Amino acid sequence: ANHFLKGFEWDKPSELQSNLEAIRQDLKAKRLFTIGWSSGGAGAMRHGKSMGADGILAFSPVFVSTNAKFAHVRSAFEEAAANDPDYVLDVPKLYRADYGPNPKTRIFVGADASNDLRFSEMVRGVGNVTIEALSDLDRHGSVRCLLQRKMMSGILDDMLSSKP
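All values reported here derive from a predicted model rather than from experimental measurement.

Undergrad: I'm lost on the packing of aromatic side chains in this one. Help?
TA: We describe a pair of aromatic rings using the distance from one ring centre to the other and the angle between the two ring planes. Under the definition given, this model contains 1 aromatic pair. Arranged with centres 5.4 Å apart and planes meeting at 20°, the rings of Phe59 and Phe108 form a pair that is stacked. In this pair, Phe59 is assigned in strand E2 (residues 55–59) and Phe108 in strand E3 (residues 105–110), connecting sequence segments 49 residues apart. Residue Phe59 is classed as buried on the basis of its relative accessible area, which comes to 3%. One residue, Lys49, lies across the ring of Tyr95, its end atom 5.7 Å from the ring centre. The positively charged end of Arg118 is found above the aromatic ring belonging to Phe119, 4.7 Å away from the centroid.

Undergrad: Even after reading the chapter, I still don't get the nonpolar core, so can you show me in this structure?
TA: Considering soluble globular proteins, one finds that nonpolar side chains tend to be buried as a cluster. Judged by nonpolar contacts, the single largest core of 19 residues is most densely connected at Met45, Phe63, Tyr95, Ile107 and Val123. Those elements giving two or more residues to this core turn out to be helix H2 (39–51), E2, helix H4 (91–96), E3 and strand E4 (129–134). Looking at this core, the element that brings in the most residues is H2, giving 4 residues. When near neighbours in sequence (up to four residues on either side) are disregarded, Phe63 contacts Ala42, Met45, Val91, Pro92, Phe119, Met122 and Val123.

Undergrad: I keep staring at the pairing of E2 and nothing clicks. Help me out?
TA: On a regular strand, each side chain points to the face opposite its neighbour's, so the side chains alternate between the two faces of the sheet. Counting buried positions along E2 gives 5 out of 5 residues, so the element sits mostly inside the fold. Every second residue of E2 is oriented toward a common face, with Gly55, Leu57 and Phe59 on one face and Ile56 and Ala58 on the other, all of them buried. Of the pairings in the sheet, the one linking strand E1 (residues 33–37) to E2 comprises 5 bridges and is parallel in character. Directly across from Gly36, in E2, lies its bridge partner Ala58. What joins E1 to E2 is H2, and the crossover it makes is right-handed. Two elements, E2 and E3, share 4 bridges in a ladder whose sense is parallel. Residue pairing across strands places Ala58 opposite Ile107, the latter belonging to E3.

Undergrad: Would you mind showing me how to read unusual backbone geometry here?
TA: Across the chain, the bulk of peptide bonds are trans and the bulk of non-glycine residues have phi less than zero. We note that Lys28 has phi near 55°; this positive angle belongs to a residue other than glycine. The phi dihedral of Asn128 is positive, around 70°, even though this residue is not glycine. Here Asn128 shows up in the loop between helix H5 (114–121) and E4.

Undergrad: Hey, could you run me through the sheet that holds E2 in this one?
TA: Note: strands within a sheet are paired through backbone hydrogen bonds, in either parallel or antiparallel orientation. Taken in spatial order, the 4 strands of this open sheet run E1-E2-E3-E4, and their pairing is parallel. With one partner strand each, in any of the chains shown, E1 and E4 form the two edges of the open sheet. Each adjacent strand pair in this sheet contributes to an overall mean axis angle of 15°, direction not counted. By the bridge criterion, 6 bridges tie E3 to E4 in an arrangement that is parallel. Looking across to E4, one finds that Ile107 is bridged to Ile131. Strands in contact with H2 are E1, E2 and E3; relative to E1, the strand with the most contacts, it is inclined by about 160°. Together, E3 and E4 form the strand contacts of H5, whose direction differs from that of E3 by roughly 155°.

Calculation rules
- Residues numbered from 1 in each chain as written.
- Predicted model: local features only at pLDDT ≥ 70, side-chain atom pairs only at ≥ 80, totals over all residues.
- Heavy atoms only, no water.
- Phe/Tyr/Trp six-rings, centres within 6.5 Å; stacked < 30°, edge-to-face > 60°.
- Helix = DSSP H or I, 4+ residues; strand = E, 2+ residues; numbered from the N terminus.
- Buried < 20%, exposed > 50% of the residue type's maximum accessible area, 1.4 Å probe, protein only.
- Lys NZ or Arg CZ within 6 Å of the ring centre and 35° of its normal.
- Core = buried A, V, L, I, M, F, W, Y, C linked by side-chain atoms within 4.5 Å.
- Contact = heavy atoms within 4.5 Å.
- Pairing = 2+ DSSP bridges.
- Right-handed = clockwise from strand over helix to strand, strands pointing away.
- Axes fitted to C-alpha atoms, helices over the stretch in contact; angles between N-to-C directions.

Below is the structure:
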């Protein structure tokens, strides 16, 4: 889910998480995984961490709270932080702070995609986070790259078959 869109019922992180939890209960799901690309990758990390996901896949995550290019979106984060004392504005800070253990988080970025690498470096060395740089990829297209290389199904199988 792209939690950066305003004007939807899910525009507040707490509402998104309560909606996801309701869906999880309706489905009687025993495990939770979050997956996202770009700003959705950061959302998958944020909500997966907050909800105690069993695994997270983040493809070329962009942490908009730290990127001046996304200043118009930052205001949504700041509004959420002002209205929710438990909301941590910055995803890397959320992962580095003592807010409980980090779920198994795999980040995929292009080895030659400088912006993606810069964002992933913000969480390098954090417990339970692995960063996998895809060779010969200099763009923000990690998902397309993995699909073209026929690697996505293996990544999903690995995540789903991991023990809770």
